[in-house]
Amino acid sequence: MDIKNALRKTIYLFLCTILLGLATPKKIYANSITPPISEYLLTTQERRESTVTFKNDTRKEIFLSPVIYSYDPQTLQMSKENGFIFTRADKEIFPVRPKEVFKLPYEIVPTRDMRPGTYFNLIILEEEVEKVFIAETNPVGAVENLAHLVVLHIADPNEDVKGITSEFADVQIEIIDKGIPFISPTVIKYTYKNISNYVLNPMGEIQLYSTKGRFTPEYIKINKDQQKLYPGGILEEEFKIEKDHISNLFTQRVVLGRFYNGIDENLIVKEVVIQPNFELFVALAILVVAIVALMKVVLDKKKKSSKKNPE
């Protein structure tokens with residue numbers, strides 16, 4: 001499940017729940033929070049300070065109070081008791097005037113018992129309603145909540161590799177069909193399996209080129225939809241290469257893939273060689289031999305027939 005889609009669903013659920021609980025209809029304003037997601041790569045020995053920005057697009061002053069939860073984007077479950085809460089923010093009520101931009105500072109503080117992997121927190125900006133307003137007009141309480149997703153990738157400080165791990169995925173490239181120039185396309189498939197404890201964002205490209213340099217290389221970007229891959233998850237994509245060149249019949253082609261995890265600079269390189277389509281040559285040779293043999297038989301029959309029936 002895509003983390004961005006999960007965040008949208010979470011916010012949608014918050015809004016629906018609050019709207020259903022209102023005693024009277026209330027106008028909803030398009031308050032905004034930026035950025036919606038922040039990602040960090042830290043060891044348990046590091047800390048990081050950051051901010052999230054909220055803009056009050058309403059016509060009245062509102063009061064915000066940050067509440068932090070651990071979060072599971074796959075199940076959309078959040079909790080204050082279960083999971084790791086590594087994000088800290090002042091538990092205060094912050095007034096934000098109409099059209100004002102408010103920046104909430106927060107700190108990422110990993111705990112020592114967090115093992116290498118990916119963790120999620122949600123910062124919910126709950127809106128507190130003025131006591132006078134509640135008493136006079138709306139005893140139920142108001143309104144909308146907005147969320148900021150904090151993604152933390154914990155790196156092992158004892159590893160020599162810079163980042164999460166150099167073996168983050170099992171990647172395979174398969175040639176489904178070599179193709180026939182100007183007749184059928186070359187079909188390539190890759191499989192990317194997350195073998196780490198991290199939530200990855202597979203990135204990279206596949207390059208197809210001739211060993212003789214007979215044509216311009218073809219470049220294909222993988223995972224254009226930016227699908228997130230959870231531990232144990234598998235991403236597969238199949239591509240058709242329509243670009244043809246007559247040299248494809250008799251020269252080798254190379255499929256070179258560079259695959260990244262979307263967290264650090266580590267990459268996996270895979271290479272597969274496509275041999276010339278010798279099966280096509282064999283089939284053509286057999287066809288030519290068969291045609292020649294058939295013509296020889298026909299000619300021999302004509303010769304024999306002409307000898308038996310001289311004019």
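Overview of the structure. Model, not experiment: these values are computed from the prediction.

Reading the values: the criteria
Residues numbered from 1 in each chain as written. Predicted model: local features only at pLDDT ≥ 70, side-chain atom pairs only at ≥ 80, totals over all residues. Heavy atoms only, no water. Helix = DSSP H or I, 4+ residues; strand = E, 2+ residues; numbered from the N terminus. Buried < 20%, exposed > 50% of the residue type's maximum accessible area, 1.4 Å probe, protein only. Polar contact = N/O pair within 3.5 Å; in protein donor to acceptor, adjacent residues only side chain to side chain. Contact = heavy atoms within 4.5 Å. Pairing = 2+ DSSP bridges. Axes fitted to C-alpha atoms, helices over the stretch in contact; angles between N-to-C directions.

**Overview of the side chain of Asn223**
So, step 1. Considering the arrangement of structural elements, one finds Asn223 in the loop between strand 14 (218-221) and strand 15 (234-241).
So, step 2. The class for Asn223 is buried, based on a relative accessible area of 5%.
So, step 3. Within the structure, Asn223 has its side chain in polar contact with the backbone oxygen of Pro202 (distance 2.9 Å).
So, step 4. In this view, Asn223 contacts Tyr190, Asn201, Pro202, Leu235 and Glu237; residues no more than four positions away in its chain are not counted.

**Re the sheet that holds strand 12 (residues 186-194)**
So, step 1. The sheet built from 3 strands is open, its strands ordered 11-12-15 with antiparallel pairing. Each edge of the open sheet is held by one strand with a lone partner, namely strand 11 (169-177) and strand 15. Taken pair by pair, the neighbouring strands of this sheet meet at an average axis angle of 15°, ignoring direction.
So, step 2. Here strand 11 runs beside strand 12; their pairing, made up of 8 bridges, is antiparallel. Bridge assignment links Asp177 to a residue of strand 12, and that residue is Val187.

**Quick notes on the sheet that holds strand 14**
So, step 1. The strand order 14-13-16-17 describes an open sheet built from 4 strands, whose pairing is antiparallel. Bordering the open sheet on either side are strand 14 and strand 17 (267-274), each of which pairs with just one other strand. Mean inter-strand twist for the sheet, computed between neighbouring axes without regard to direction, equals 15°.
So, step 2. Bridge count for strand 16 (residues 253-260) against strand 17 is 8 bridges, and the pairing is antiparallel. The partner of Val254 across the bridge, within strand 17, is Val273.

**So, the pairing of strand 2 (residues 37-42)**
So, step 1. On strand 2, burial follows the alternation: Ser38, Tyr40 and Leu42 on one face are buried, whereas Ile37, Glu39 and Leu41 on the facing-out side are not.
So, step 2. Sheet topology note: the strand 2/strand 10 (residues 146-154) ladder contains 6 bridges and is parallel. What sits directly across from Ile37, in strand 10, is Leu149.

These figures come from the coordinates and say nothing about function on their own.
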